[in-house]
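Notes for the structure review
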Amino acid sequence: MDTAIQAIEFLARSEHRVAALEAFREDARDRRDLRATTGASDPTIGRIIRDFEDRSWLTRDGPKYELTPLGEYVTDRFFELREGMRTGETLQEVWRWLPQEMDGFAVEQFEDVVVAYPGPNYPYTPVERVTHLLESTDSIRGLGTTIYKSGNLEVFCRRVLEGMEMEYIYSRPVLQAVVDWNPELVASAFECDNCTVFLHDDLPDDTRCGLNVMDDCIGICGHDPETAQLEAVIDTASPDAREWAEAVYARCREEARPFAVSELDPVDSQTRAERLRVESQ
């Protein structure tokens, strides 16, 4: 086995070693501090200290021990690996809903995310997360199928009528379905001065997800392309993710055109029900 992998295994297989590294990462520690922080016994603490000293990760200064520069280097890299694996574990559940076709998308931008997706006994978690995000912002810019479920559309329209600044880029079919859901309410929202709507013929990832830029975070909503069912909501306050989202939105905004009511077709109630049939699923 590669010696580097052995070193990772040496740390990862012991919760006490990991806890000790976390403690030393914060400050120098004596044995009593280390016992209290890690919950390990005195013999275990002794073995950890000896093992770390043997690897030149730790040095003693009076009663306290502290990381050497080498120990700091190893500690930082180990926890970077751990955080990377945590991100991988989080995103693997929603990977197919992420905007992989949007220019500049990178996993590193989503290391600190909140993920909401339907559970086996409670399918409404994503809808509730979107509602929370809408209630928590005074402005929103977005593109694609982010706001599509009727419960979210109700909140979306209400927030616009309450004064939330809204600028949105839709594909024609999605905008048609939004209008058909409740023509009167949507028309009232779209008539507000704080509401601006654009149309785009080829939004990136439009059959899979949409993108929102809000006051404190950016959000991605993933939908099943066959049913329009909301499958996952991923949001993050990461500055890197926000910079990426702003750039994507700006590019799509440049390509979009103003919305004209004449581009939409009137539909009867039966057609409207069919387009939003997912609401009954």
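Residues numbered from 1 in each chain as written. Predicted model: local features only at pLDDT ≥ 70, side-chain atom pairs only at ≥ 80, totals over all residues. Heavy atoms only, no water.

Here's the deal with the packing of aromatic side chains
Under the criterion given, the structure shown has 11 aromatic pairs. Seen from their ring centres, F78 and F79 are 5.4 Å apart, and the 75° between their planes marks the pair as edge-to-face. There is no split in this pair, since F78 and F79 are both buried. Judged by centre distance (5.4 Å) and plane angle (80°), the rings of Y122 and Y124 are edge-to-face. R141 extends its terminal NZ or CZ atom over the ring of Y249, reaching a point 5.8 Å from the ring centre. (Phe/Tyr/Trp six-rings, centres within 6.5 Å; stacked < 30°, edge-to-face > 60°. Buried < 20%, exposed > 50% of the residue type's maximum accessible area, 1.4 Å probe, protein only. Lys NZ or Arg CZ within 6 Å of the ring centre and 35° of its normal.)

Observations regarding the UniProt feature "domain: HVO-A0261-like N-terminal" (unreviewed entry) in the protein chain
UniProt records the feature "domain: HVO-A0261-like N-terminal" (unreviewed entry) for residues 7-87 in the present numbering. Within residues 7-87, the helical portion is 72% and the strand portion 10%, while the C-alpha atoms at the span's ends are 22 Å from each other. (UniProt positions renumbered as here; feature names shortened; annotations may be inferred. Helix = DSSP H or I, 4+ residues; strand = E, 2+ residues; numbered from the N terminus.)

A look at helix α7 (residues 150-161)
Between its terminal C-alpha atoms α7 stretches 16 Å, which fits the 16 Å expected from 12 residues at 1.5 Å a residue. All of the buried residues in α7 are S150, N152, L153, V155, F156, C157, R159 and V160. In the stretch just after α7, G163 is the one whose phi turns positive, near 115°. (Expected span 1.5 Å × (residues − 1).)

Re the pairing of strand β4 (residues 139-143)
Across 5 bridges, the pairing between β4 and strand β5 (residues 165-170) is parallel. Its bridge partner lying in β5, R141 is registered against E167. Inspection of the sheet shows β4 paired to strand β7 (residues 209-214) by 4 bridges, in the antiparallel sense. For I140, the partnering residue across the bridge sits in β7 and is M214. (Pairing = 2+ DSSP bridges.)

Concerning a nonpolar patch on the surface
A grouping of I5, I8, L81 and M85 is seen on the molecular surface, where their side chains present a nonpolar patch of about 340 Å² in accessible area. Counting only elements with at least two residues in the nonpolar patch, the list comes to α1 (3-12) and α5 (69-92). Mapped onto the secondary structure, M85 falls in helix α5. (Patch = residues over 30% accessible without salt bridge, like charges linked within 9 Å, V, L, I, M, F, W, Y side chains within 5 Å. Areas by Shrake-Rupley, 256 points an atom, 1.4 Å probe, with all protein chains shown as cover. Salt bridge = Lys/Arg side-chain N within 4 Å of Asp/Glu carboxyl O.)

Topic: the nonpolar core
Counting residues in each nonpolar core, the largest one holds 33 residues, and the members touching the most others are I140, F156, M166, Y170 and F190. Mapped by element, the contributors of at least two residues to this core are α6 (125-135), α7, β5, α8 (172-181), α9 (183-190), β6 (195-199) and β9 (230-236). Not counting the four nearest positions on each side in its chain, F190 is found in contact with M166, Y170, L175, V179, C195, V197 and F259. By size, the runner-up hydrophobic cluster in this structure holds 26 residues, among which are F105, F198, L211 and I234. (Core = buried A, V, L, I, M, F, W, Y, C linked by side-chain atoms within 4.5 Å. Contact = heavy atoms within 4.5 Å.)

Notes on helix α10 (residues 239-255)
Compared with the 24 Å implied by 1.5 Å per residue over 17 residues, the 25 Å span of α10 between its first and last C-alpha is a close match. Three or more residues of α10 are buried, namely A241, W244, A245, V248, Y249 and C252. One side of α10 holds all its buried residues, which, seen down the axis, span an arc of 130°. Exposed and facing more than 90 degrees away from the buried side of α10 are P239, E243 and E254. In this structure, the buried residues of α10 make contact with β4, β5, β7, β8 (218-223) and β9. In this structure S238 caps α10, since a side-chain oxygen of it lies 3.3 Å from the backbone nitrogen of D240. (Arc of directions from axis to C-beta. Polar contact = N/O pair within 3.5 Å; in protein donor to acceptor, adjacent residues only side chain to side chain.)

Let's talk about unusual backbone geometry
One non-glycine residue, S56, adopts positive backbone phi at about 65°. Here S56 lies in the loop between α4 (42-54) and β1 (58-61). One non-glycine residue with positive phi stands out, namely D205, at about 60°. Position of D205 among the secondary structure elements: in the loop between β6 and β7. Taking relative accessible area as the criterion, D205 reaches 4% and is therefore assigned buried.

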